[in-house]
Amino acid sequence: MEFTEAYKQTGPCCFSPNSRYVAVANDYRLVIRDTFSFQVVQLFSCLDKISYIEWALDSEYILCGLYKKPMIQAWSLTQPEWTCKIDEGPAGISYARWSPDSRHILTTSEFQLRLTVWSLLNTACVHVQWPKHGSKGVSFNQDGKFAAICTRRDCKDYVNLLSCQSWEIMGSFAVDTLDLADLEWSPDDSSIVVWDSPLEYKVLIYSPDGRCLFKYQAYECGLGVKTVSWSPCGQFLAIGSYDQMLRVLNHLTWKTFAEFLHLSTVRAPCSAAIFKEIDEPLQLDMSELSLDENFMPSNYDASEGYISVRYEVKELPVAFPFQKPPADKPNPKQGVGLLAWSKDSQYICTRNDSMPTALWIWDMRHLEVAAILVQKEPIRAAVWDPTCTRLLLCTGSSHLYMWTPSGAFCVCNPLPGFSISDLKWNIDGSCLLLKDKDAFCCATVPSLPESSDYSSDD
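Since this is a predicted model, take the numbers as computed values, not measurements.

### Brief notes about the overall build of the protein chain
Summing up its helical and strand segments, the protein chain has zero helices and 42 strands in all. Relative to its length of 458 residues, the protein chain is compact, with a C-alpha radius of gyration of 24 Å against a globular reference of 23 Å. In terms of its C-alpha atoms, the protein chain occupies a principal-axis envelope of roughly 75 × 55 × 50 Å. Within the protein chain, the proportion of its 458 residues that are buried is 54%. Counting contacts in the protein chain only where the partners sit at least 6 residues apart, residues at least 24 apart contribute 45% of the total. Carbon and sulfur atoms provide 50% of the accessible area of the protein chain, an area that totals close to 21400 Å².

The structure is reproduced here in structure tokens:
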């Protein structure tokens, strides 16, 4: 892997959908860099500190959320002199997003009073009253023709279907939830999944015309759903719950065909490979060298020498560090808090928040755990390569961790003092964005060979 130098950032960073640019928030400034040379191609000055940025799907426009102001500013890469400012006045703005056509911006006011669709073509706007959430509760289908928006009125949750051309309400139906948490279109646009708040375990599958296709409730009298995700192929629906289980439904009968439990101790028989991160100190004699303190890398320990890490394959049984959440505090750190599918829908990775240092990788073809990665620190983020079966994760250390079906290995970031707290792929899988507290860098990741003989030694 090759790493760029570190660049300053004070907020969100993201690749453009066409992978040509990376947008970086730096206080009041929006910096657009080219992903090949990392030269600055555009620099925009906003009216306040940038809290949020999002690219339009055509990569021509980008919006900045100035939520402290509160207002939205949008910019054009092809027409730098073009500007757009959206201000809801006393209603405020809590969130903003692009429509799939890249020519409309949807904003949600404070206290969820209304959702407004702003046109960049004719300055027209359309209002939807009483949206359920600010940043959640809106989902577009795959071809971008329809939007499903959650609303609440008269103590009842509704799903409104809007045309993304005229922005007229094409239909509305009530859903059987006590306090709707979110919704999401299926990848084939045939159904919409809706799930309730953690206080009520309820997952509902609706057709776009409002028919309830299936109602799923795994248990009662306990905290319920925490994460929900469709597989990229659209055939599976994964549900992560507070009871530390992952359940997978199929799209034909909507029945549960797989249930995976995150055990605190894994015993035989188990075919999974368990990789544990361990320190590997390199004893270097530097007593005769005179080096400036600024030269020393961030992971240098004078008592132990230069610290490297590697994975060690553990033999069963293996016990994982377990944190029991306090019973007297809200939002307990337990249950499946991280859930992500691989591109081919064969693997799914999960993190049980009660065991934050362990990442579980499940094989959907054989319905078993394929591997478990045990880190020294809690896992911050885990993302799948958008082009192949490769998983990368970070823990806030200077190392990057990688897994493929052939093995797992660690990569050290050579930048001094750089701790990787978040990471994102670009859409073609050629570049990886790594974030530190106040800096970011990018890394080029070599493509995997088509041969199955690939191993961590390569």
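### Concerning the confidence of the model for the protein chain
Here the protein chain averages 91 in pLDDT, and 92% of its residues register 70 or above. Below a pLDDT of 50 lies the segment residues 300-305, which in the model reaches eight contacts outside its immediate sequence neighbourhood of four places, other chains included. Counting contacts from residues 451-458, a segment whose pLDDT is below 50, to residues more than four positions away or on other chains yields 10 contacts.

### A look at the pairing of strand β37 (residues 391-394)
Where burial is concerned, the two faces of β37 agree: the one with L391 and L393 and the one with L392 and C394 are both buried. Two strands pair when backbone bridges link them, and strand β36 (residues 381-384) and β37 are joined in this way by four bridges, in the antiparallel orientation. When the bridges of β37 are listed, V383 appears paired with L392. Where β37 lies against strand β38 (residues 399-404), three bridges are found, and the strand directions are antiparallel. Along β38, the bridge assignment pairs L393 with Y401. Connecting β37 to the antiparallel partner β38 that follows it, the hairpin turn spans four residues, and G396 within it adopts a positive phi of roughly 85°.

### Regarding the sheet that holds strand β10 (residues 83-86)
Pairing within the open sheet is antiparallel, and its four strands lie in the order β7-β8-β9-β10. Looking at which strands have only one partner, the edges of the open sheet turn out to be β7 (52-55) and β10. Going from strand to strand, the sheet's axes swing by 20° on average, the running direction of each strand aside. Note: β7 against strand β8 (residues 61-66), four bridges, orientation antiparallel.

### Quick word on the environment of E2
Assignment of secondary structure puts E2 in strand β1 (residues 2-3). As a C-alpha pair, E2 and G429 span 427 residues in sequence and 14 Å in three-dimensional space. Those residues within four positions of E2 in sequence are excluded, and the remaining contacts are C442, A443 and T444.

### Quick notes on the pattern of salt bridges
Taken as a whole and judged by the stated rule, the model has 17 salt bridges. Two residues, R211 and D209, come together in a salt bridge whose shortest N-O distance is 3.1 Å. Given the relative accessible area of 54%, D209 is considered exposed. Connected via shared salt-bridge partners are K132, R152, D157 and D179.

### Points about the layout of surface pockets
Picture a little ball the size of a water molecule; that probe, rolled over the atoms, points out where space is still empty. One number sums up the size of the largest pocket: a volume of about 1400 Å³. At the level of secondary structure, the elements contributing two or more residues to the lining of the largest pocket comprise β7, β11 (95-98), β15 (138-140), β19 (180-185) and β36. For the lining of the largest pocket, the element with the highest residue contribution is β19, accounting for four residues. Per-class residue counts for the lining of the largest pocket are 23 nonpolar, eight polar and six charged.

### Comments concerning the nonpolar core
By size, the foremost hydrophobic cluster in this structure holds 23 residues, and its most contacted members are L246, V248, F320, W341, I348, W360 and I372. Put simply, the parts of the chain that give this core at least two residues each are β24 (236-241), β25 (245-250), β26 (256-261), β32 (336-341), β34 (358-363) and β35 (368-374). Residues within four places of F320 in sequence aside, it is in contact with L263, S264, V266, I274, M355, W360, I372 and V374.

### Remarks on the sheet that holds strand β23 (residues 225-230)
Strand order in the open sheet formed by four strands is β23-β24-β25-β26, with antiparallel pairing between adjacent strands. The strands lining the two open edges of the sheet, one partner per strand, are β23 and β26. With direction set aside, neighbouring strand axes in the sheet form an average angle of 20°.

### Notes on the packing of aromatic side chains
Scanning the model with the defined rule gives 22 aromatic pairs in all. Measuring from ring centre to ring centre gives 5.4 Å for Y347 and W403, while their planes differ by 75°; the resulting arrangement is edge-to-face. With a gap of 56 residues between them, Y347 in strand β33 (residues 347-352) and W403 in strand β38 connect regions that are remote in the sequence. On the basis of relative accessible area, Y347 is assigned to the buried category, the value being 8%. Joined through ring pairs, the aromatic side chains of F260, F320, W360 and W362 make up one cluster. Cation over ring: R153 sits above Y158, and NZ or CZ is 3.8 Å from the ring centre.

Conventions adopted
Residues numbered from 1 in each chain as written. Predicted model: local features only at pLDDT ≥ 70, side-chain atom pairs only at ≥ 80, totals over all residues. Heavy atoms only, no water. Helix = DSSP H or I, 4+ residues; strand = E, 2+ residues; numbered from the N terminus. Rg over C-alpha atoms; globule rule 2.2 N^0.38 Å. Buried < 20%, exposed > 50% of the residue type's maximum accessible area, 1.4 Å probe, protein only. Contact = heavy atoms within 4.5 Å. Areas by Shrake-Rupley, 256 points an atom, 1.4 Å probe, with all protein chains shown as cover. pLDDT = per-residue confidence, 0-100. Pairing = 2+ DSSP bridges. Axes fitted to C-alpha atoms, helices over the stretch in contact; angles between N-to-C directions. Salt bridge = Lys/Arg side-chain N within 4 Å of Asp/Glu carboxyl O. 1 Å grid on protein atoms, 1.4 Å probe; cavity = no way out; pocket = protein on both sides within 12 Å on 5 of 7 lines; lining within 4 Å. Points joined across faces, edges and corners; volume = space filled by probe spheres on them. Nonpolar A, V, L, I, M, F, W, Y, C, P; charged D, E, K, R; others polar. Core = buried A, V, L, I, M, F, W, Y, C linked by side-chain atoms within 4.5 Å. Phe/Tyr/Trp six-rings, centres within 6.5 Å; stacked < 30°, edge-to-face > 60°. Lys NZ or Arg CZ within 6 Å of the ring centre and 35° of its normal.

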